[in-house]
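Structural description and commentary
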Amino acid sequence: MNGIQSEQIAHALKETLFLNEYPVLAKKINSEDVYLMCLYADERMVESYQEAFPHLIFSRWHPYIVNVLQENVSKSVAIKNVLAHFGYKESEAIAFGDGGNDIDMLKLVGLGIAMGNGSKALKASADIVTKKASENGIDFALRKLRLI
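Please read all numbers here as calculations on a predicted model, not as lab measurements.

1. Description of the side chain of N67
Mapped onto the elements, N67 comes out in strand β3 (residues 65–70). Once residues within four sequence positions are removed from consideration, N67 is found in contact with L36, M37, C38, I57, F58, S59, W61 and N101.

Right, here's the structure in full:
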C-alpha cells in the first residue's frame, strides 16, 4: 500500500471507530468465536484476501472498509432470527442503514431507511432517505413517521 492509501485507511479507522491505531486483538481472536471482522483495505488487497479465503463473504460498506463474514452471517439473518423470536413479520419491521453492508437488511424489512450519509446504492435500495447520522437522522425519520 502506498502512503496515500495508508493515510486514507488511517482516516477510515478514526472516522468509523474513533481510534488512532489498530487495536491488538490476537489473543481474543484465538480464544473466542468471531462472527464478523472489519478489513481496512483497498480493492486490490480485498481481491487477494478473497482468493485466499473463498469461503468468506467480503462486503464493502466504506471506501476502505470491508466486513468479512461467514456465509451464514448477515444483518438479514440476525433480523430474521430476532423477529421470529418476538413473533413479528419482516413486513412489520423498520431498519436504518448507512453502509453498503446494510442493503440486504433494508430490502428485507417492511420499511428500509437509508441515512443521508449513505452511498448511492444504499439510498437506491431504501424506501426512504433521512438526514445524515450526524444530523440525528434516525430521530428525524421516526418523528416524521410519527413513531415517536
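2. Things to note about the sheet that holds strand β6 (residues 128–129)
With respect to topology, three strands assemble into an open sheet ordered β4-β5-β6, the strand pairing being parallel. Two strands bound the open sheet, and with one partner strand each, they are β4 (94–97) and β6. Of the strand pairs in this sheet, β4 and strand β5 (residues 111–114) are connected by four bridges, and their pairing is parallel. When the bridges of β5 are listed, G97 appears paired with A114.

3. Here we look at unusual backbone geometry
Residues other than glycine seldom take positive phi values, yet N136 does so here, at roughly 60°. Locating N136 in the fold gives a position in the loop between β6 and α7 (137–144). On the basis of relative accessible area, N136 is assigned to the exposed category, the value being 53%. Here R146, not a glycine, exhibits a phi torsion of approximately 60°, which is positive. Examined against the element boundaries, R146 turns out to sit in the segment after α7.

4. Concerning the sheet that holds β3
On the basis of which strands lie adjacent, the open sheet formed by three strands has the order β1-β3-β2 and antiparallel pairing. Each having just a single partner strand, β1 (36–40) and β2 (56–62) make up the two edges of the open sheet. Averaged over all pairs of adjacent strands, the angle between strand axes in this sheet comes to 30°, irrespective of strand direction. Where β1 and β3 come together, five bridges link them in antiparallel fashion. Residue pairing for β3: Y40 is matched across the bridge by I65. Sheet strands in contact with helix α3 (residues 43–52) are β1, β2 and β3, and its direction is about 165° off that of β2.

5. What about the pattern of salt bridges?
A side chain of one charge can pair with a side chain of the opposite charge when the charged atoms of the two come close. A full pass over the atoms with the stated rule returns three salt bridges. For the salt bridge of E43 with R60, the shortest nitrogen-to-oxygen distance reads 2.9 Å. Highlighted residues: E43 in helix α3 and R60 in strand β2, separated in sequence by 17 residues. Judged by its relative accessible area of 43%, E43 falls in the partly exposed class. A salt bridge links K75 to D102, with the nearest nitrogen and oxygen atoms 2.4 Å apart. With a gap of 27 residues between them, K75 in helix α4 (residues 75–86) and D102 in the loop between β4 and α5 (103–108) connect regions that are remote in the sequence. Residue K75 is classed as partly exposed on the basis of its relative accessible area, which comes to 33%.

About the criteria used
Each chain has its residues counted from 1, running along the sequence as written. Given that the model is predicted, a residue must reach a pLDDT of at least 70 before its local features are reported, and side-chain atom pairs must reach 80 or more before they are shown or counted; all residues, however, enter totals for whole chains, interfaces and linings. For the side-chain quantities, the full set of heavy atoms in the structure was used; hydrogens and water were omitted. Note on conventions: DSSP H or I runs of at least 4 residues are helices, E runs of at least 2 residues are strands, and numbering of each starts at the N terminus. Residue contacts are counted whenever heavy atoms from the two residues lie within 4.5 Å of one another. DSSP calls a pair of strands paired once it identifies at least 2 bridges connecting them. Relative accessible area decides the class of each residue, using a 1.4 Å probe on protein chains only: under 20% of the type maximum gives buried, over 50% gives exposed, and in between gives partly exposed. In this description, a line fitted to the C-alpha atoms serves as the axis of each element, helices being fitted only across the stretch in contact, and the angle between N-to-C directions of two axes falls anywhere from 0 to 180 degrees. The working definition used for a salt bridge is a side-chain nitrogen of Lys or Arg within 4 Å of a carboxyl oxygen of Asp or Glu.

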